[in-house]
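Remarks on the overall topology
Here is how the chains run, residue by residue.
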Amino acid sequence: MSPGRTSWHTAAVTSAFPPSRITSAELPALRRRISAVLIGSQVLGGLGVAVGIALAPVLAAEVSGSEALSGLGPTSSVAGTALLSLPLAALMTSRGRRAGLVLAYLVGALGAFLVVTASVLGSFPLLLLGMAGFGAGSSANLQARFAAADLAEPERRARAISTVIWATTFGSVLGPNIAAPASRVFQGTSVPETAGPFAWSCVIFLLTGALVAVLLRPDPLLTARALASEDTTAVAGRSLRAGIAVVRAAPMARLALVTVAVSHTVMVSIMVMTPVHLGHHGADIQLIGLVISGHIAGMYAFSPVMGWLADRVGRLSVIGLAAGLLCCAALLAGTSGEGHVRTAAGLFVLGLGWSAGMVAGSALLTDSVPQEARAAVQGLSDLTMNTAAGIGGAVAGVIVSRLGYGWLNAVVACLLLPMSALALRRAVARTVPDSAKA
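Glancing now at the overall build of the chain. A tally of regular secondary structure across the chain gives 21 helices and zero strands. Burial statistics for the chain: of 438 residues in total, 55% are counted as buried. On the chain, roughly 16800 Å² of surface is accessible, and the fraction owed to carbon and sulfur atoms is 67%.

Here the focus is the nonpolar core. Formed by 75 residues in total, the largest nonpolar core has its most connected members in Val266, Ile270, Leu347, Leu350, Trp354 and Leu408. The biggest single contributor to this core is helix α13 (residues 251-280), with 17 residues. Not counting the four nearest positions on each side in its chain, Leu350 is found in contact with Val266, Met267, Ile270, Met271, His295, Leu326 and Ala329. In this structure, Ala56, Ala104, Val116 and Met131 belong to the second largest nonpolar core, which totals 42 residues.

The next thing to look at is the packing of helix α18 (residues 374-402) against helix α19 (residues 405-413). At a minimum axis separation of 7 Å, α18 and α19 run at an interaxial angle of 135°. Classified by the angle their axes make, α18 and α19 are oblique. Handedness of the α18/α19 crossing: right-handed. Packed against α18, whose contacting residues are Ala396, Ile399 and Val400, the element α19 presents Tyr405, Trp407, Leu408 and Val411 at the interface. Per-class residue counts for the contact of α18 with α19 are seven nonpolar, no polar and no charged.

Before going further, it helps to spend a moment on the side chain of Arg374. One can find Arg374 in helix α18. Setting aside chain neighbours within four positions, we find Arg374 in contact with Arg157, Thr366 and Val369.

Moving on: unusual backbone geometry. Put simply, Arg217 and Pro218 share a cis peptide bond, and its omega is 0°. Residue placement: Pro218 occurs in the loop between α9 (196-215) and α10 (220-227).

Let us look at the environment of Thr81. Within the fold, Thr81 resides in helix α4 (residues 72-95). Measuring from C-alpha to C-alpha, the distance between Thr81 and Ala140 comes to 8.7 Å, with 59 residues separating the pair along the chain. Leaving out residues up to four positions away in the same chain, Thr81 has contacts with Ala132, Gly135, Ala136, Ser138, Ser139, Leu142 and Asn386.

In this section: the pattern of salt bridges. Across all of its chains, the model carries seven salt bridges by this definition. Here Arg159 and Asp311 are joined by a salt bridge, their closest N and O atoms 2.8 Å apart. With Arg159 in helix α7 (residues 157-177) and Asp311 in helix α15 (residues 303-312), the pair connects residues that are 152 residues apart, well separated along the chain. Overall, the relative accessible area of 21% leaves Arg159 in the partly exposed class. Three or more residues are tied together by salt bridges with common partners; here these are Arg157, Arg159, Asp311, Arg315 and Asp367.

What follows covers α18. Its 29 residues place the ends of α18 42 Å apart at the C-alpha level, agreeing with the 42 Å of an ideal helix rising 1.5 Å per residue. Gly404 sits one or two positions beyond α18 and adopts a positive phi of about 115°.

Helix length check: helix α6 (residues 124-149) (26 residues) gives 39 Å between terminal C-alpha atoms against 38 Å at 1.5 Å per residue, within 8%. Most of α6 sits inside the fold, with 21 of its 26 residues counted as buried. The N-capping residue of α6, defined by a side-chain oxygen 3.3 Å from the backbone nitrogen of Leu126, is Ser123.

This part takes up the packing of aromatic side chains. Taken as a whole, this structure holds five aromatic pairs when the rule is applied. Ring plane angle 85° and centroid distance 5.9 Å describe the contact between Phe302 and Phe348, whose orientation is recorded as edge-to-face. Residue Phe302 is located in the loop between α14 (285-300) and α15, and its partner Phe348 is located in helix α17 (residues 340-368); the two are separated by 46 residues in the primary sequence. Judged by relative accessible area, Phe302 falls into the partly exposed class, the value being 37%. Taken together, the ring pairs connect Tyr105, Phe134, Phe198 and Phe205 into an aromatic cluster.

Cut-offs and rules
- Residues numbered from 1 in each chain as written.
- Predicted model: local features only at pLDDT ≥ 70, side-chain atom pairs only at ≥ 80, totals over all residues.
- Heavy atoms only, no water.
- Helix = DSSP H or I, 4+ residues; strand = E, 2+ residues; numbered from the N terminus.
- Buried < 20%, exposed > 50% of the residue type's maximum accessible area, 1.4 Å probe, protein only.
- Areas by Shrake-Rupley, 256 points an atom, 1.4 Å probe, with all protein chains shown as cover.
- Core = buried A, V, L, I, M, F, W, Y, C linked by side-chain atoms within 4.5 Å.
- Contact = heavy atoms within 4.5 Å.
- Axes fitted to C-alpha atoms, helices over the stretch in contact; angles between N-to-C directions.
- Parallel < 35°, antiparallel > 145°, perpendicular 65-115°, else oblique.
- Left-handed = near helix turned anticlockwise from the far one by under 90°.
- Nonpolar A, V, L, I, M, F, W, Y, C, P; charged D, E, K, R; others polar.
- Salt bridge = Lys/Arg side-chain N within 4 Å of Asp/Glu carboxyl O.
- Expected span 1.5 Å × (residues − 1).
- Polar contact = N/O pair within 3.5 Å; in protein donor to acceptor, adjacent residues only side chain to side chain.
- Phe/Tyr/Trp six-rings, centres within 6.5 Å; stacked < 30°, edge-to-face > 60°.

As structure tokens, this is what we get:
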């Protein structure tokens, strides 16, 4: 990195909040300010994602005319989140969290607008393109958890991550339940009712981007770097290639990456096809919204508990808890048949398992790599987990159309085996003394 570029970074941070003037006594107030802004953005951002995504499979089936393609709607959103992980990580590396988050919400708003347009025109390719852009909203919400960790103390890092994840509860639980009222607003217009929620998502993403642009100052990532007094050589090592090299050299980082990717893939694969499964057994839009709300409550509402456990009893223990919860969820949902209550219970436990895996995995990932490589490794993490989940969501539609919802749950449960084995291996390695290893 050139000296001019380094000077730009320093100026960007010092103009917002001079690091040289930040004392240890002032850091708690700074952390609270950053956390408050991130919480506000998560409430709005979670609402923007949830109000649209609840009906994505139904809208995809309507526009495409094929139930087998219904999973491609939410899958395109996940794929978009994955594809945007690298450019967003690069932008955050050079200009900080604020620039990356604002861009992500703007792209999400554009994607939501394209979804509405595609539904009016009846264009399935345009719908998939819009859903890919819509996924940027999810990418911003996911990246916010790392922004919370930038200035957090190591012993409270999991709780800092979980607090931001928890904030998504409000918007995410409310979103699916207002999907039906949001749809009815467009009755009598050319906009299909199932596309109406995406119009609301567009507006919400614009508001969230404005909130972050105005209030996320000082930038947490740039401030953390300035406080760490990083030199030019360290800054130059923040490429994706450097991130991959760091993960390869750190066994705990590899486990963290696998945990986040598997937890997210299992959750997405089951979640995206549950509305279709419920529809097969007579559930209406409001019931589907209620079930998805319960699932999202499991994902976010109990994340502070997962963060507290990860900080108190250890990351590995909570990763083991995640594996157990996700397996239980697949069993409940996969054997639910026509039982809506059992399906709802399975989706709730699925959310809990995702929360445990995401909080513990994200904290372990941040713990396991040096500060100068974290932005690149975090971008690699989001790329990996969303690519895997995108593939899982696409395959899920095919499995359900040919074999059924029960088989889908059985297949994705098998993904937990390598994650559990790797976690057990790392736990054993930690308990074996160095003399015994030799």
